[in-house]
Each structure stands twice: as structure tokens, then as C-alpha cells.
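# Reading the structure
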Amino acid sequence: MLENIISVIPNLFGLINLLTITFGVIIGITIGALPGLTATMAVALMLPFTFGMNSTTGLLLLTGLYFGGIYGGSITAILINTPGTPAATATALDGYPLAKEGKALKALQMALYSSFIGGIISFFALLFFAPQLAKLALRFGPAEYFMLAIFGLTVIVSVSQASLIKGLISGSMGLFVAIIGLDPLEGVPRFCFENINFYGGIQLIPALIGLFAVSQIILSIEQFSNHKAEIDTSLKTEGLSLNEFFNSIKHIIKSSLIGVVIGAIPGTGGAIAAFIAYNQAKRSSKNPDQFGKGSLEGIAAAESANNGTTGATFIPLLTLGVPGDIITAVILGAFMMQGLTPGPMLFVNHGDIVYGLIIGILLVNIAMLIIGSLTIKIYAKVIDIPSNILIPIISVLCVIGAFSIRNSIFDVYCIIIFGIIGYILPKFGFPLAPILIAIILGPMAESNLRRALIISKGSYTIFLESPFAIFFFILIILSLLLPVINKRREKN
Amino acid sequence: LNITKKNIIIALITFFIGLLIFLLVPYQIHLVRGTTIITARDFPKTISYILMLLGIILGIKSIFEKEKSKNNSKVEKACKDDLIRIIKFLSMFAMYIFGIKIIGFFTLTTIFIVFLMIFLKIKKWYMIFLITIGVDLFLYLIFVNVMKVNLPTGLIL
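From a predicted model like this one, the values you see are computed outputs, not experimental measurements. (Residues numbered from 1 in each chain as written. Chains lettered and ligands numbered in written order. Predicted model: local features only at pLDDT ≥ 70, side-chain atom pairs only at ≥ 80, totals over all residues. Heavy atoms only, no water.)

## So, the nonpolar core
To keep things clear, this is the line we draw: The term nonpolar core refers to a set of buried residues drawn from Ala, Val, Leu, Ile, Met, Phe, Trp, Tyr and Cys, joined through side-chain atoms within 4.5 Å. Residue burial is assigned from relative accessible area. The probe radius is 1.4 Å, only protein chains are included, and a residue is buried under 20% of its type maximum, exposed over 50%, and partly exposed in between. The secondary structure listing takes helices from DSSP runs of H or I that are at least 4 residues long and strands from runs of E that are at least 2 residues long, numbered from the N terminus.
Ranked by size, the top nonpolar core spans 203 residues in total, and within it F314, L318, I331 and I415 of chain A together with F93 and F105 of chain B carry the most contacts. Considering every element that reaches this core, the biggest residue donor is helix α6 (residues 104–137) of chain A, with 17 residues. Ranked by size, the runner-up nonpolar core spans five residues in total, among them I258, I262, A273 and A277 of chain A.

## Remarks on the packing of aromatic side chains
Note the cut-off: Pairing of aromatic rings covers Phe, Tyr and the six-membered ring of Trp, with a centre-to-centre limit of 6.5 Å; geometry is then stacked below 30 degrees between planes, edge-to-face above 60, and tilted otherwise.
As enumerated under the stated definition, the model contains 29 aromatic pairs over all chains in all. Measuring from centroid to centroid gives 5.3 Å for F245 of chain A and F246 of chain A, while their planes differ by 75°, and the two rings are edge-to-face. Ring geometry for Y413 of chain A against F98 of chain B: centres 4.6 Å apart, planes inclined by 20°, an arrangement best described as stacked. Separated into two different chains, Y413 of chain A in helix α20 (residues 409–427) and F98 of chain B in helix α4 (residues 80–103) make up a pair that spans both.

## Section: helix α1 (residues 3–28) of chain B
Each α-helix turn comprises 3.6 residues. Residues three or four places apart therefore point the same way. As a reminder, the rule being used: Working rule for helices: expected span equals 1.5 Å times residues minus one.
The end-to-end C-alpha distance of α1 of chain B, which contains 26 residues, comes to 35 Å, matching closely the 38 Å that a straight helix rising 1.5 Å per residue would cover. Within the sequence span of α1 of chain B, burial applies to I3, T4, K6, N7, I10, A11, T14, G18, I21, V25 and Q28 of chain B.

## Points about the interface of chain B and chain A
Stated precisely, the cut-off is as follows: Pairs of residues are marked as contacts when any of their non-hydrogen atoms sit within 4.5 Å. Buried area counts how much accessible surface, traced with a 1.4 Å probe, disappears from two parts once they are put together, with both parts' losses summed. Should a side-chain nitrogen of Lys or Arg be within 4 Å of a carboxyl oxygen of Asp or Glu, the pair is scored as a salt bridge. Two N or O atoms count as a polar contact when they lie within 3.5 Å, although within protein this holds only if one can serve as hydrogen donor and the other as acceptor, and sequence-adjacent residues are included solely when both atoms are side-chain atoms.
Across the contact, 64 residues belong to chain B and 60 residues belong to chain A. Buried surface at the junction of chain B and chain A, both sides included, amounts to about 5600 Å², of which 81% is carbon and sulfur. The three residues of chain B that bury the most area against chain A are Q28, F43 and L120 of chain B, which together make up 12% of that side's buried surface. At the surface where chain B touches chain A, the tally comes to zero salt bridges. Our count for the chain B to chain A interface comes out at seven residue pairs in polar contact (both at pLDDT 80 or more). In terms of residue count, α4 of chain B provides more of the side of chain B that touches chain A than any other element does, 12 residues in total.

## Quick notes on the side chain of S74 of chain A
For S74 of chain A, the location among the structural elements is in helix α4 (residues 55–80). In this view, S74 of chain A contacts A88, T91, A111 and E303 of chain A; residues no more than four positions away in its chain are not counted.

## Digging into unusual backbone geometry
Trans peptide bonds make up the majority, and among non-glycine residues the majority have a negative phi. Residues and elements named next belong to chain A. Backbone geometry at F191 places phi at a positive 50°, although glycine is not the residue there. Examined against the element boundaries, F191 turns out to sit in the loop between β2 (189–190) and α10 (204–222). When its relative accessible area of 2% is taken as the criterion, F191 is described as buried. Unlike most non-glycine residues, F193 shows phi in positive territory, near 50°.

## Here we look at the environment of L61 of chain A
Residues and elements named next belong to chain A. Tracing the backbone through its elements, the reader meets L61 in helix α4. Here L61 falls in the buried class, since its relative accessible area comes to 1%. Once the C-alpha coordinates of L61 and M147 are considered, the two residues, 86 residues apart in sequence, prove to be 32 Å apart.

## Section: the packing of helix α12 (residues 249–264) of chain A against helix α13 (residues 270–284) of chain A
Residues and elements named next belong to chain A. Rules: Angles shown run from 0 to 180 degrees and are taken between the N-to-C directions of axes, each axis being a line fitted to C-alpha atoms and, for helices, limited to the stretch in contact. Each helix crossing is assigned a hand: it is left-handed if the near helix lies turned anticlockwise from the far helix by less than a right angle, otherwise right-handed if that turn is clockwise.
Interhelical geometry of α12 versus α13 gives an angle of 145° and a closest axis separation of 9 Å. Of the two possible hands of crossing, α12 and α13 adopt the one that is right-handed. Across the interface between the two elements, K250, H251, K254, S255, I258, G259 and I262 from α12 touch A273, I276, A277, Q280, A281 and S284 from α13.

## A look at the environment of N287 of chain A
Residue and element names in this part refer to chain A. Positionally, N287 belongs in the loop between α13 and α14 (296–312). Judged by its relative accessible area of 47%, N287 falls in the partly exposed class. A C-alpha to C-alpha distance of 47 Å links N287 and L397, two positions 110 residues apart in sequence.

Here it is as C-alpha cells:
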């Protein structure tokens, strides 16, 4: 591990990489700070830009966007009570009341510093745990990979809190989208309708640009109004004192660790971590009454937890090839675009890229702290950018982004279809994340199931023969049962 | 339509999508003899069974479950004006996308941005001009110059 780290450092500190990280963080915070635009959208939109880049540089750009976007989401949460990303919802609970009291600067600085600490703790978790897990995963065969893919698919249960059945329907639709094209083992066309464009299958990137970016544009058009919000964004108030910061340090560290643990579990994500940490901080605080009315401790807990998940979500992605949340699912698309398959072999064959990315995460966090500190007042103004300027720019970026993946106009047609789907489905209570998870994990499940059965000559006991397969089987059962048990407990 | 009726319609649509996939499998997937234990048809068929089953479960659940959940009553609904605005936008977006190959990316992008900004009530002409030129230049520099993407030129550019 140490050898790999030392070998990637000279390349990582090259001018292009440092500029890319800076650019990624700036754009990430900007997009995160714009109401209605999410960190997922930032990563999806910029994904095609990484196509011509060196793998490490491209991944660093997306990581900068991801981390910057998550932090940027807290700016709108604090200033206008509109979380820029779902992960910043808990931040708004205390951030907005503080902003109304004229303490917006304090709230924004607390969000930044706790985000930084959360990100750093998450980085160390990734650095130390990911290689160990990858070593174990090297022993996996098709049976274990099939069980792993099924475990990944069970994530759909936890991301479908509102309606499990609708989440499963979304997931099944995603599985169907994934089977379009040539069969992975026999090479026969499936649901191609003799149209040559379908032979290559539905590409992941246009699908996710449509689902997460075009759908957001349509939603912005629906909610469009050309009057500006009236908030004071000048931030000419007193900043955060050292005393105030150190009063919350206990919560920051505890919440970061909560974020790490939750982030490492596929299908959880920053929003869940932020709320769990927020509740935990409220319980252990000396001033629990202040929570929800403008508590700096509340912001510290929520922000350190949601950034605590950022590095940890890369653990299942890099070691097992299973995305931890929607953004890492999009980043997985970037790996695929570069011809890389996330999983244990990535550590063996492309150690330079993996460790470049891991150490890059540290740099991204440092860049976020520096850029965030220097530009906190400028970013507060970003929320004033009217949506009628943003919509045309983002629409064109979606089109050119989808086209540039493989110079195909068919991919551009796909974004409008997926955009409409991504707009309509949530209106009827269907979550979008299961579609994406199924598009990614469906082919992995199918091909490994079929390979495993060829090896076992048709015997299904292969899926319960190895300790790893049994371990994943137990995880699948737990992952299916726990959300149901939790729901029952909440009801009681 | 109340939420129960909506869910029943969704359940029916889900069931029929599943059924459609099931019926299309023999026509859309031609088997190669004796290659794998699980054939290219089996996974799509399983998906169709799952969809039909989920449709039935959702339908039964919707019939027996009265409107008791508070969350259920909060179905987000776009009003008529919003819907018209969305349809107008989607029409412009579709014309843009489908026209790129014929007219050319940069020409149509310029027209699209100008029309969309007028549609979104930007009244300052210098703003429309600056944004359009800025976006075109940015895209040309990044995608054509740096990334060497061959954007469709069509009849014009």
C-alpha cells in the first residue's frame, strides 16, 4: 500500500491534477449552492468532460464535484431553507433559523469546518479499510459475485422508504433497460426490434443524464417563476469563534464516524447519516432544546455526518464494484467509460488509479476547505442566479454530454425519454435510484448467475457453498428484513 | 383521480408491461441451441414475472388499503399553466434534439438558447447575446478543440 501511495504522489501533485481538483470543487460548490441543482446532477453533467482525460484526473474532477456539491448543498439549506442536496436537509433545520437571526456566516463556517473534518475522517477509513476488503474480494468467483450483486440490488429496499412495491417496480424497469442489447454470454440480440442503435444497449450515461439532469430541468420549468427570493446574502455579520467551534468538536468527531459507518453500507447515503447523527447529537447535547431553533451543534453534527459518508461510499465501489449511493453509481459510470471495472482486480491491475483517487480525496477535502473559506461570501450570492439563465445552459450541456460519449445522436434521444420518465415517475411515488442501481447491477447479477451455473453444471447449491457466498446470503436476508423491522418499530 | 384509483391504474400498467415483455420474449430473443443452462430468454422472462406479480400486489394493496396515509394525499400535481409550460419546453427541446443532425449543432444550439431564454422571460437583449455567445464559445473550445468530439454539422454548422 505504502509503495503505491508513494508512487502516485508525484503525478497527483502535478499542475493539471491540482487545477482539476480546484475546478471540480468550485463547480461542485456552485452547482450544490444553486437551488434545484444537486450534487448528483453536477457529477452526471460533468461526466462526459472526463472522457478525454487521464483516468485519475477524470475521477478527481468528479470527486471534487461530488464533495463540493455535498458541501454546496448546505449553503442554500442555511440561507433559503432549501437543501441543495438531500444530504443537507438536516442542516436546514438549524441553519435557516440561525440565518434568520442574522448568524448566517457562523452557520456557513460551521458547516464548512465540520464538512472538512467529516471528509478527512472518511478519507482515512477509505485508505485503511478498502485495500483489506479488496484482498478478501480477490477470492470471489461468479457465485460470490452473483450473491454480491443481489445484495447490491437489495439496496432498493432501503432507498424505497415511501413505497417498497413502487421501488421494486422501478428496479424491475431498470433491469429491463439493462437487458436491451446483445446478450452477454450468447451474443443474441434482446429487445433490439431489429434497430441497430439498440444492439449496443442503452448506455448508462445518457440514462442517468436523463433521469437526474433533464428531469430536474423539467421540474425547474414546472416550478419556474421569475421573481427573486428576498434574503440578505451580504453576510456582513460576525463569524464563528474558536470557542463555538470547539464546543461542537465532540459532536463533529462522533458524527463523522457515524457517517463513515453508514456511508460504507450500500444504499444508505448522506441524508440518512445526517439525520442519525443529528438525533444522536441532540440526545447527548447540553442544550437539546436549541436543536431545530438554531443550534450550531446541530449543523456540526449534520454536516460532519453527511461528509463523513463521502469517502466511505467509495469503499464498496472500489473494492466490490457495488455503488454505495446514487453519486457513486454515477462515478461507477465514469470508471466504465474509462474501460475500468471497479472491484478487487482494480487494486491489482490499476493500483496507481485507485491510490491516486484515494489520496486525491484528501486533496479534494483540503481544496474544499480553502476554496470554501475564501469564497464563502461569493457563494452566498450564487443563489441569486436566476433559473431562467441556468436552464438553457444546462439543457445544452445535457445534449452535448450525452452525444460526446460515443458520438451518437441516439444517446441524445435517450436523454429526453429518460428525462420524461425521471420527471413523471416521482410524481407517482416511484423512486429513481432503483432504476439506476438495477441498470448497473442487473448485468452483473445475470452474467455471474449464468457463469456460476455453467461451473456447477446446473447445481444451485454453488450459491451456498463458500463462506463468502453464505456471508452475502445472510447480508441479503438482513438487508431485506431490517427496513421492514425498522418501519414496524417506527409505527409502534 | 384519487390516490387509490391512481395506484390501481399504475398496477394495471405495471402488469401489462410485464405481460408485454413476456409475450415479446419469443419474438425478440432468438435462442442459440445448447450454450448455457440459463438461456438469454430466462432473465427477461423472470423480469416479466416480477413485474406482473408486483402489479397484482400493488393492485390488491390499493383496493384494500383506504386512503389513510397523510403522505399519500400529498400527490404533487402540476397545475394547467405549469403543464402547458412543460409541454412547450419539451416541444422546443425535442425540436432541438431531432433537428441537430439536419441543421447542425452550433446553429441550432444558438437558436435554441435564444428562444428558450425568451420563453423564460429574459428581456435584456445584451444578456441573451452574451450567454448565447459564451455558451457556444465554451462548447467549441472544450468539446471541439480539446476533446475532439465530432459534433453534427448538418446543413449549416
